[in-house]
Amino acid sequence: MLKVIELFAGVGSQTESLKEIGIKHEVVAISENDKYASRAYELLHGKVNNLGDIRAIKELPNADLWTYSFPCTDISLAGTQKGFDKGSNTQSSLLWEVERLLTKANENNNLPSILLMENVRALVSKKFIDDFEVWLKFLESLGYKNTYQILNAKNYNTPQTRERVFLFSFKNDVNYTFPEKQELLVKLGDLLEDVVDDKYFISIERINNFSDMTNRNGFIRGLTFKPLEKTSPIAYTITTRSGARSTDNFIIVPENTKKGFREAEVGDGIYINRPYQKRGVVQKSKIPTLKTTPNDLGVIVNKDDLISLRKITPREAWRLMGWKDSRIDLVINEFSDAQLYKMAGNGIVINVLKEMFKKIEI
Ligand SMILES: C[S@@+](CC[C@H](N)C(=O)[O-])C[C@H]1O[C@@H](n2cnc3c(N)ncnc32)[C@H](O)[C@@H]1O
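Treat the numbers as computed from the prediction; the structure is a model and nothing was measured.

Reading the values: rules and limits
- Residues numbered from 1 in each chain as written.
- Predicted model: local features only at pLDDT ≥ 70, side-chain atom pairs only at ≥ 80, totals over all residues.
- Heavy atoms only, no water.
- Helix = DSSP H or I, 4+ residues; strand = E, 2+ residues; numbered from the N terminus.
- Buried < 20%, exposed > 50% of the residue type's maximum accessible area, 1.4 Å probe, protein only.
- Contact = heavy atoms within 4.5 Å.
- Areas by Shrake-Rupley, 256 points an atom, 1.4 Å probe, with all protein chains shown as cover.
- Near = heavy atom within 4 Å.
- Polar contact = N/O pair within 3.5 Å; in protein donor to acceptor, adjacent residues only side chain to side chain.
- Nonpolar A, V, L, I, M, F, W, Y, C, P; charged D, E, K, R; others polar.
- Phe/Tyr/Trp six-rings, centres within 6.5 Å; stacked < 30°, edge-to-face > 60°.
- Lys NZ or Arg CZ within 6 Å of the ring centre and 35° of its normal.
- Pairing = 2+ DSSP bridges.
- Axes fitted to C-alpha atoms, helices over the stretch in contact; angles between N-to-C directions.
- Parallel < 35°, antiparallel > 145°, perpendicular 65-115°, else oblique.
- Left-handed = near helix turned anticlockwise from the far one by under 90°.
- Core = buried A, V, L, I, M, F, W, Y, C linked by side-chain atoms within 4.5 Å.
- Domains from an automatic or database assignment.
- pLDDT = per-residue confidence, 0-100.

Let us now look at the overall build of the chain. For the chain, the helix and strand inventory stands at nine helices and 16 strands. When each of the 362 residues of the chain is scored for burial, the buried share is 55%. Here the analysis covers contacts within the chain between residues at least 6 apart in sequence; of these, 63% occur between residues at least 24 apart. Within the structure as shown, the chain displays about 16,800 Å² of accessible surface, and the carbon and sulfur contribution to it stands at 45%.

This is the structure:
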C-alpha cells in the first residue's frame, strides 16, 4: 500500500487521480491551511490527518510519495513575479518549507522514495530557472534523480489550455518517461451545462469595456451586442463584420496580431479581459487556462437561437479540471461560487496526473 502525503493539498487532485487509476494508497497526512479547501478535501475524500500550516509542521510521518504543488502566486505571469527566494516571505517561498521537512526526513532516515512537484511554467522561464536549479541541486544532494517536463492539459484529453511544469524526483534509479500526448476527444461544448442561470451571462456594460469598437474604414473589430429586451442584462451577440445579421454563427474577437481579430464560434472559449492586447484569445473548442477567478474567460454559446457569451459555471470549472459530476455533487452546494472557482483554478488536471502516475511502477 502506497503511503502518500499531499503538501499544499488543496482539494486533493493527487489522491483523486490515484483512486481513479486504482492505485491502492493511503493518505497518511496532508498540509492545507485554507479552511474551505480543507473542508472540501474532507467532503471528497473523508476524514484526513490535516497537519495545517506547513510552517508549523516539525516532521512528517513515514511515506512513499510526497506531492507539493506549492503556491504559484509569486511566480506566475498573472501574479506578483516576486519569486520564491528563501526568506523572502512570499507565498511561493513556502517551497523552502519542503526543503526543511525533507532535511528532517533525511536525518530520520525516512525520505520518501518519490516526490512530485507541480507549478506554473514560468518556474522554468529565464527569470526563475536559476532558482529552480538550486532546488534541483538540493534534491540531488539528498540522492534524488530528477526529471521534469512541461505538460499541457489539452494534450491529455482535457479541453483546457493549461501548461504546468511537473518534476518527479526518485530515490531509486528509476528511468521515468512522461506520458505521450493524446488526441483531444473531449470538446469544451461536451462539458458545458445546458441550463445556466442568467447571472453567468456577460452584461452589455462589461462587453463594452473589453470590446474594441473603433471603426477602422467601416470595419469594427469589436463585438456588437443586442439585448433580448431593452431591460435585459444579458448580451446577445448578433453581428460580426459590417452588417447585423442574426444568421451569423461566429463573432469577431479583437486580438493583438497583425490580422487584429479572430473568429469565435459556439463551443469556443475566449479571453475577455482586454483581448485586443493579447494573442491566442480564441481557443477552438477549449477554454484558456482557468485561474482562481473565471472573470477573464468566456464561452460562446447558443441562447434562444442567438449566439451569446457567458462565464463558465463552478460545475464547469471543476469538470474542466477533470472532476466527475458524482464527485462535484459532494461540494457544489457547500461553498460560494468564488470558493468553488478558486479551488478548481488552484488544482491540477486529473487526467494529466492520471497519465503521469500510470507511468510509474508503483
Ligand atoms: C496551487 S494550490 C495546490 C492545489 C492542489 N494541488 C489541489 O489538488 O487542489 C496551493 C495550496 O497551498 C495552500 N497553502 C497556502 N499556504 C499554505 C501553508 N502555509 N500551509 C499549507 N498549505 C498552504 C493553499 O491554500 C492552496 O490550496
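Further notes follow.
Our next topic: the site of the ligand. Inspection of the region around the ligand gives 22 residues, with S13, Q14, E32, D53 and S69 positioned closest. Contact distances for the ligand include 3.0 Å between an oxygen atom and a backbone N or O atom of V11. Taking I54, its main chain carries an N or O atom lying 2.9 Å from a nitrogen atom of the ligand. Burial of the ligand by the surrounding chains reaches 93%, relative to a free accessible area of 600 Å². Split into classes, the residues belonging to the shell around the ligand amount to seven nonpolar, 11 polar and four charged.

Enumeration according to the criterion identifies 13 aromatic pairs in this entry. Aromatic side chains Y36 and F335 sit 6.5 Å apart centroid to centroid with 80° between the ring planes, which places their arrangement in the edge-to-face category. Residue Y36 is located in helix α2 (residues 35–45), and its partner F335 is located in the loop between α7 (325–328) and α8 (337–346); the two are separated by 299 residues in the primary sequence. Y36 gets classed as partly exposed once you look at its relative accessible area, which sits at 31%. Three or more aromatic residues link up through ring pairs in this structure, and these residues are Y68, W96, W135 and F138. We note K171 situated over the ring of Y144; from NZ or CZ to the ring centre the distance is 5.5 Å. Looking at K278, its charged tip hangs above the ring of Y271, at a distance of 5.7 Å from the centre.

A few words now on the sheet that holds strand β4 (residues 114–120). Pairing between the strands of a sheet comes from backbone hydrogen bonds, and it takes one of two forms, parallel or antiparallel. Spatial strand order, β2-β1-β3-β4-β6-β5: six strands in an open sheet with mixed pairing. Each edge of the sheet is formed by a strand with only one pairing partner; in this case those strands are β2 (25–31) and β5 (145–152). Neighbouring strand axes in the sheet, compared pairwise and without regard to direction, differ in orientation by 20° on average. Across the face of the sheet, helix α4 (residues 129–141) comes into contact with β3 (65–68), β4, β5 and β6 (163–170) while running at roughly 140° to β5.

For the pair helix α1 (residues 13–20) and helix α9 (residues 350–358), the least separation of the axes is 9 Å and the interaxial angle reads 60°. Overall, the two elements α1 and α9 adopt an arrangement that is oblique. Relative to α9, α1 is oriented so that their crossing is right-handed. Along the contact surface, α1 presents S13, Q14, E16, S17, L18 and E20, while α9 presents I350, L353, K354 and F357. Of the residues assigned to the contact of α1 with α9, the class counts are four nonpolar, three polar and three charged.

Quick look at the nonpolar core now. In terms of nonpolar packing, the biggest core is built from 63 residues, with F168, W318 and M356 touching the most fellow members. Among the elements that take part in this core, α9 stands out by supplying five residues, more than any other. Counting residues domain by domain, this core receives three or more from each of domain 1 (2–184 + 319–358) and domain 2 (194–312). If you look at the next biggest cluster of nonpolar residues, it comprises 39 residues, including F70, F84, A122 and F138.

Here K286 is to be found in the loop between β14 (282–283) and β15 (297–303). What K286 contacts, discounting residues up to four positions off in sequence, is K154, P159, Q160, T161, L184, L188, G267, D268 and G269.

Put simply, the chain has an average pLDDT of 88, and 86% of its residues get 70 or more. Low pLDDT (under 50) marks residues 226–230, which in the prediction has 10 contacts with non-local residues, meaning those over four places away or in another chain. Note on residues 238–247: pLDDT under 50 across the span, and 22 contacts to partners over four residues away in sequence or across chains.

Attention now moves to the packing of helix α3 (residues 95–107) against α4. Taken N-terminus to C-terminus, the directions of α3 and α4 make an angle of 10°; their axes are 11 Å apart at the nearest point. On the basis of the axis angle, α3 is roughly parallel to α4. Judged by residue contacts, L95, W96, V98, E99, L102 and T103 of α3 engage V134, W135, F138 and L139 from α4.

Let's shift gears to unusual backbone geometry. Glycine aside, residues mostly have negative phi angles, and peptide bonds mostly take the trans form. Phi at F8 takes a positive value of approximately 50°, unusual for a residue other than glycine. Within the secondary structure, F8 is located in the loop between β1 (2–7) and α1. Take F8: its relative accessible area is 12%, and that puts it in the buried class. Within the chain, N89 stands out as a residue other than glycine whose phi angle is a positive 70°.

Attention now moves to α9. Burial analysis of α9 places eight of its nine residues in the buried class, which makes it a mostly covered element. Every buried residue of α9 is listed here: I350, N351, V352, L353, K354, E355, M356 and F357. Looking at the buried residues of α9, the elements they touch are α1, β3, β4, β5 and β6.

Taking burial as the measure, the eight residues of α1 include six buried ones, the bulk of the element. Looking only at α1, the buried set comprises S13, Q14, T15, E16, S17 and L18. Residues of α1 that are buried in the fold lie against β1, β2, α2, β3, α7 and α9. Just beyond α1, the residue with positive phi is G22, at close to 75°.

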